[in-house]
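The lines below spell out each chain.
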Amino acid sequence: TRSLSITSADQSTFEKAQGEKVTLPCTFVLSEEDEGPLDIEWVLIPADNQKKEQIIIMYAVDRIYNHYYAAMTGRMQFTNPDPRSGDGSLDILNLKSADTGTYQCKVKKAPGVQSQKIQLTVLVKPARTKCSIEGSQEIGNDVILKCASQEGSPLLSYDWRRVVGTKQLPVTSMLNKNTGELLLKNASQDYSGTYSCVASNRVGTDECFVELNVTPPINTAGIIAGAIVGTLLGLFLLAFLVFCCCKKHREKKYEKEVHHDIREDVPPPKSRSSTARSYIGSNRSSLGSMSPSNMEGYTKTPYSQVPSEDFERTTGQNPNFAPSKVAAPNLSRMGAVPVMIPAQSKDGSIV
């Protein structure tokens, strides 16, 4: 007994890049014995066997139903608007990595039933590839050039090359295509230049660049010695400034104490004028109480001689001490008022 048959069984696996379009073929031939209504279903079979199959688009009773699978709404359609012509192929637009899976086409027209499975793999092109350098770029050191893509479906492959010249890598270089690392052993200045890394997979490539500059080793001993000398000079200068500031502060403090120190325990010295005045005043009071009978004793005392301050101190300590004759001081210079000293004449009268 003859029945319908699917004729597009040549290719069962497809690989496409993200963002591209794919056409999953499903052509068929009907038989004269197939008299029932024509039904065409496209089903997504999940990788997890525990999950059920998901109908994504269907043709039945001369109508197309494409609202079953929200993830592909607006991105899928039948290749032929009239699948009754024998073409039930499916177009998927703007592919995404989540579209990867197994798709099954089922064609029914009673009593005939046929199906076909197609494996679709959506690959992501390498993108945002970055190049970097690891290690010190000095002569004699080992330098590692690294390359990695932020996006891209496996399996990614990396290849390094020099941009200028022969584009050949140094003889001592070692390349790991899977990790993207290029090891340059015992680097020399001839290794300097621009390097390019190309990341690729089955659906695309991406490229990045890096500049390598191999330089002579730095004189670290000289740098350390210079740093030590500079530090010592800085500390010496700081200590000198601190010493000067402390010395100046002590000098100012000493001057302030000398100018403002008031010694209250030592009384001020007596002036000669006050001594003379006190001496004359005491003699005045004595003269006021004199009588003619005792005037004779006073005539023998030289009143015209006013004792000095030193004489007053000496007589107070030794009352039997007889003062020597001392010239009378100039009272006008001392600010004293002249005093008339009474004297006794030969006949006994007071002059």
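Quantities reported herein were computed from a predicted structural model and do not represent experimental measurements.

### Notes on the sheet that holds strand 15 (residues 173–176)
- Reading across from one edge, 12-13-16-15 is the order of the four strands in this open sheet, with antiparallel pairing throughout. Of all strands in the sheet, those bounded by a partner on one side alone are strand 12 (127–134) and strand 15. Strand after strand, the sheet turns through a mean of 15° between neighbouring axes, direction not considered.
- Pairing geometry for strand 12 and strand 13 (residues 143–151), over seven bridges, is antiparallel. Its bridge partner lying in strand 13, A127 is registered against E151.

### Quick notes on the UniProt feature "transmembrane region" (unreviewed entry) in the protein chain
- The positions UniProt marks with the feature "transmembrane region" (unreviewed entry) are residues 223–246.
- Helix and strand shares over residues 223–246 are 100% and 0% respectively, and the end C-alpha atoms of the span are 35 Å apart.

### Some thoughts on the pattern of salt bridges
- Counted under the stated rule, the structure contains 10 salt bridges.
- A salt bridge links E134 to K146, with the shortest nitrogen-to-oxygen separation between them at 2.8 Å. Placement of the pair is E134 in strand 12 and K146 in strand 13, with a sequence separation of 12 residues.
- Exposure remark for E134: the relative accessible area of 37% places this residue in the partly exposed category.
- Between K185 and D142 there is a salt bridge, with its nearest N and O atoms 3.6 Å apart. With K185 in the loop between strand 16 (181–184) and strand 17 (193–201) and D142 in the loop between strand 12 and strand 13, this residue pair connects regions lying 43 residues apart in the sequence.
- Residue K185 is classed as partly exposed on the basis of its relative accessible area of 36%.
- Using a relative accessible area of 40% as the deciding quantity, one classes D142 as partly exposed.
- Each member of the salt-bridge network shares a partner with another, and the members are D62, D82 and R84.

### Regarding unusual backbone geometry
- In the segment running from A110 into P111, the intervening peptide bond is cis, with an omega of 5°.
- By the element assignment, P111 lies in the loop between strand 10 (101–109) and strand 11 (112–123).
- Across the junction of P154 and L155, the peptide omega takes the value 5°, indicating a cis bond.
- A positive phi angle is found at D62, which is not glycine, with a value near 60°.

### Here we look at the environment of L120
- Here L120 lies in strand 11.
- Linking L120 and T13, residues 107 residues apart in sequence, is a C-alpha distance of 6.0 Å.
- Once you skip the residues sitting within four places of it in the chain, L120 turns out to touch F14, V22, I92, L95, D99, T100, G101 and Y103.

Criteria and thresholds
- Residues numbered from 1 in each chain as written.
- Predicted model: local features only at pLDDT ≥ 70, side-chain atom pairs only at ≥ 80, totals over all residues.
- Heavy atoms only, no water.
- Pairing = 2+ DSSP bridges.
- Helix = DSSP H or I, 4+ residues; strand = E, 2+ residues; numbered from the N terminus.
- Axes fitted to C-alpha atoms, helices over the stretch in contact; angles between N-to-C directions.
- UniProt positions renumbered as here; feature names shortened; annotations may be inferred.
- Salt bridge = Lys/Arg side-chain N within 4 Å of Asp/Glu carboxyl O.
- Buried < 20%, exposed > 50% of the residue type's maximum accessible area, 1.4 Å probe, protein only.
- Contact = heavy atoms within 4.5 Å.

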